Amino acid sequence: MNSSRSLGLMLLTPAIVLVVLFFLVPVALTAVFSFTNMSTATGITGGAYQIGPSSLQRLGDSYGFPELAERLSQPSYVIDERGLTALESAGVDASAITEMRTHLGEVFPTRREAERMIKGLDARPSTREVKQISEQFNRSLLDTRYESEGDLLAGLDALGVEVTPAERDAVAASSYSGWTWTTDNFRRMVSTPDTLRTLINTVFYVAIVLVLFNTGYAMFLAITTYYMPETTGGIFRSIWLLPRITPPVIYVLMWKWLAWDTGFISMFLGQFGVAPKNWMLDSSTNAWVFVILINGFVGASMGMLVFSSALRAIPKSQFYASEVDGASRWQQIRYIILPQMRWPILFVTCYQTLSLLASFDLILLSTEGGPGGATEVWSLMTYHTALNNYAGNLEYGYGTALSLVLVVIGVTLSLIYLRVFNYNALVAKPLIEQ
Amino acid sequence: MATQTQVSANFKSWPVILALAIVSLPLIVMYLYFFIDTITDSAPGSLIPNAITFRHWDFLWQARGNRPSIWPVALNTLVFATTVTIIVLLVSSTAGYVLSRLNVPGRGFFLAGVMVLHAFPSVTLIVAIFLVLQMVGLYNSLIGVILVKAALEMPLGIWLMKGFYDTVPWEIEMAGIADGASRFTVFRRLVLPQVRPALMALGLFAFLSSWSEYILPQVLAPGAKAQVLSVYLASLIADDNNFDLSLFKAVGVFYIIPVLILFLFFQKHLMNIYGGGSKG
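Just so we're clear, the structure is a prediction, and the values are computed from it rather than from any experiment.

Overview of the overall build of chain A
Here is step 1 of the chain: Regarding its fold elements, chain A presents 22 helices and four strands.
Here is step 2 of the chain: For 434 residues, the compact-globule estimate of 2.2 N^0.38 gives 22 Å, and the C-alpha radius of gyration of chain A, at 35 Å, exceeds that figure by more than 25%.
Here is step 3 of the chain: For the C-alpha atoms alone, the extent of chain A along its principal axes is close to 125 × 80 × 40 Å.
Here is step 4 of the chain: The long-range fraction of contacts in chain A, counting pairs at least 24 apart against all pairs at least 6 apart in sequence, stands at 70%.

Dropping the structure here:
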């Protein structure tokens, strides 16, 4: 009936709003922004119009108006009220100002012409004063910021620069500092050797951590703790859960303490005469070992818990029977445990693949992708491109194009998982129908 | 459980314990020294502490160098984690109930959506979210990063709560409705008390997860006013001019204590969620 329906929609609204704002809109915007050249330089809202050395260069080279660019690069001098007021406050002789007022509205294309006029005044200003006065009337378009195209063209008109409509468009386009639509991001992604290297790194990293730790080592932990007295097993499980509950910043700090040149490994090996060094960053092999261990120790805990509860669900009678038949422990693992672990393993693999692909906090905090980009993975490259880098120019457009790759993979795999884990069984009819 | 040991009646368990103890050694060493180093000094080049000191903890009563005092930062973290927890609980408990019990249009679609969102690695959206917050003016504010964190935790919350509501016997609700209570009263007075353990577990998880969160505050609110402990500690470590591992560890212990206390007391509640697939 209606009451159930409207109550349902009402209670669902906050969730829907959050999903739209922080999932659907960002997914759509990731796709949209990946077709722009948005960066720190262009800004993220609309851009402004500004004629400067680089825009004039473009106007000459790309738009084919070198002569117009040359003209615009010249300063020009306009006698206007603003300049006269400035003269008054600068304390220039009042009679000179009154005389200047008769020239109000005149435009001089060069400094020399403006100064010739000023020198010709009856007040006869000194050479130093001439320079001082002329400077107040410098009304060059250079480095003036206009919020809209209309303002820019009005500025052109005020200077008395005569331009054809084609030239107007060229000036506007070349001086626009905001972002524009482009497909260069994808072209760049395919052609840069860095992306290929990062792709290989990512595949290597996900595969190794997944096989060695998230499933392999997790299974080892689950089985060994299963074969122990319950309290001992519980203690070990708690120890191996520590990396997961520890905030990542602290967790990585501990690893840094282990690996830094004043840290544990260096000091320990120092007893045997090995020179101290930063074991985490001194070579790319070592960096990879640490990245894999750091992520693997965290990742092992989820598999450990999932496999442990799956192990406890195996009927005890199967183990008793096998012991009576004289099965070794290895045989129990091989023929009783592992065959019944297919679904838990699949679940953990599916889940952790996405999580490994997307999360980069531990690598960022430990090696930052170094040394020399050796441990840079795709998600970290996105971060370095769009959110934080040494150069300071954050390329949002290229960054979103990079993250679009991960978003597409994420959506596709999530949808496949929905199929694999039997979605229909989960959508039972609601219990009360009214 | 006493029956547990009988599983391997034919075999001794000490070789397994020994093997596991050896591979656990690095973790144990790291965590032990993490605490020991904050209250001791040791001679350069030596691993054995030779003096007890509290000087590494002086950041509690005086600001170090040009850094802000730790207390406003801790307060920010507390506000951040608490608010996220409240939002997650409110949104998940209501939405989970709807998906479990009420016949809304598109229910199957919503359920599938929650499942996909739960599996979807939301951190890939960080660049777009960063740009959205810049555009709406919530960049560098605690409100912005709270909303984002709550939204990203929500799919897990809804999924979990839906599962718990499914186990509540529907006779309770039927009785309430037969007595003339409205659907909302039934939900609030009869059903919510039934899922209190779930709310507890989800609340704890959301709190711990936000307390530990690093990437979101680092990207979305790195400014001094909205700084949280993770960002504070990370910037402390990244600052090459003041290298002091013991100080880092002391701040770290200060930061991790609430986590460890909550974990020790409520381990049982949390196990369900960690085992059920949290992000990480």
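Past the structure itself, the notes keep going.
Some points on the overall build of chain B
Here is step 1 of the chain: From N to C terminus, chain B includes 13 helices and two strands.
Here is step 2 of the chain: Computed over C-alpha atoms, the radius of gyration of chain B comes to 23 Å, more than 25% over the 19 Å expected from 2.2 N^0.38 for 280 residues, which places it beyond the range of a compact globule.
Here is step 3 of the chain: For chain B, the C-alpha atoms occupy an extent of roughly 75 × 65 × 35 Å along the three principal directions.
Here is step 4 of the chain: Partitioning the intrachain contacts of chain B with sequence separation of at least 6 by distance along the chain shows that 73% fall at a separation of at least 24.

Quick word on the domain arrangement of chain B
For an interface, size is often stated in terms of accessible area lost upon the parts coming together.
Residue and element names in this part refer to chain B.
Here is step 1 of the chain: Under the domain assignment, chain B is made up of domain 1 (13–53) and domain 2 (70–275).
Here is step 2 of the chain: Using only C-alpha atoms to locate each centre, domain 1 and domain 2 end up separated by 33 Å.
Here is step 3 of the chain: Tallying the contact residues gives four residues for domain 1 and six residues for domain 2.
Here is step 4 of the chain: Its residues placed into classes, the side of domain 1 that touches domain 2 shows two nonpolar, one polar and one charged.

A look at the interface of chain A and chain B
Here is step 1 of the chain: Between chain A and chain B, the contact holds 91 residues from the first and 87 residues from the second.
Here is step 2 of the chain: Element by element, the count of residues in the side of chain A that touches chain B is highest for helix H1 (residues 2–33) of chain A, at 21 residues.
Here is step 3 of the chain: Counted by class, the side of chain A that touches chain B contains 62 nonpolar, 21 polar and eight charged residues.

A few points about the packing of helix H4 (residues 107–119) of chain B against helix H6 (residues 142–167) of chain B
Residues and elements named next belong to chain B.
Here is step 1 of the chain: Running from N to C, H4 and H6 cross one another at 130°; their axes reach a closest spacing of 8 Å. As the angle between them shows, H4 and H6 are arranged oblique. Read as a crossing pair, H4 and H6 show a hand that is left-handed. Contacts between H4 and H6 pair Val114, Met115, Leu117 and His118 from the former with Pro155, Leu156, Ile158 and Trp159 from the latter.

Observations concerning the domain arrangement of chain A
Here is step 1 of the chain: According to the domain assignment, chain A consists of domain 1 (53–175) and domain 2 (187–426).
Here is step 2 of the chain: Computed over C-alpha atoms, the centres of domain 1 of chain A and domain 2 of chain A are 64 Å apart.

With respect to the environment of A:Val274
Here is step 1 of the chain: One can find A:Val274 in the loop between helix H14 (264–270) and helix H15 (284–312).
Here is step 2 of the chain: A sequence separation of 58 residues divides A:Val274 from A:Gly216, and the C-alpha atoms of the two residues are 33 Å apart.

Quick notes on unusual backbone geometry
Here is step 1 of the chain: The phi torsion at A:Glu368 lies on the positive side, around 55°, for a residue other than glycine.
Here is step 2 of the chain: Relative to the helices and strands, A:Glu368 resides in the loop between helix H19 (361–366) and helix H20 (378–386).

Quick notes on helix H11 (residues 229–238) of chain B
Here is step 1 of the chain: Most of H11(B) sits inside the fold, with eight of its ten residues counted as buried.
Here is step 2 of the chain: Among the residues of H11(B), those classed as buried are B:Leu229, B:Ser230, B:Val231, B:Tyr232, B:Leu233, B:Ala234, B:Leu236 and B:Ile237.
Here is step 3 of the chain: In this fold, the buried residues of H11(B) make contact with helix H13 (248–259) and H19 of chain A together with helix H3 (70–101), helix H9 (196–212), helix H10 (215–220) and helix H12 (245–265) of chain B.

Re the packing of helix H12 (residues 230–245) of chain A against H15(A)
Residues and elements named next belong to chain A.
Here is step 1 of the chain: For the pair H12 and H15, interaxial distance at closest approach is 7 Å and the crossing angle is 135°. Taken together, the axes of H12 and H15 are oblique relative to one another. Between H12 and H15 the crossing geometry is left-handed. Contacts from Arg237, Trp240, Leu241, Pro243 and Arg244 of H12 reach H15 at Phe297, Val298, Ala300, Ser301, Met304 and Ser308.
Here is step 2 of the chain: A class-by-class count of the residues in the contact of H12 with H15 yields seven nonpolar, two polar and two charged.

As for the environment of B:Val228
All names here are of chain B.
Here is step 1 of the chain: Note on placement: Val228 falls in the loop between H10 and H11.
Here is step 2 of the chain: Take Val228: there are 28 C-beta atoms within 10 Å of it, and that puts it in the buried class.
Here is step 3 of the chain: Sequence-wise, Val228 and Gly252 are 24 residues apart; in three dimensions their C-alpha atoms are separated by 13 Å.
Here is step 4 of the chain: Beyond its immediate sequence surroundings of up to four residues, Val228 is in contact with Val73, Asn76, Thr77, Phe80 and Pro217.

Calculation notes
Residues numbered from 1 in each chain as written. Chains lettered and ligands numbered in written order. Predicted model: local features only at pLDDT ≥ 70, side-chain atom pairs only at ≥ 80, totals over all residues. Helix = DSSP H or I, 4+ residues; strand = E, 2+ residues; numbered from the N terminus. Rg over C-alpha atoms; globule rule 2.2 N^0.38 Å. Contact = placed C-beta atoms within 7 Å. Domains from an automatic or database assignment. Nonpolar A, V, L, I, M, F, W, Y, C, P; charged D, E, K, R; others polar. Axes fitted to C-alpha atoms, helices over the stretch in contact; angles between N-to-C directions. Parallel < 35°, antiparallel > 145°, perpendicular 65-115°, else oblique. Left-handed = near helix turned anticlockwise from the far one by under 90°. Buried ≥ 20, exposed ≤ 12 C-beta atoms within 10 Å, placed from the backbone.

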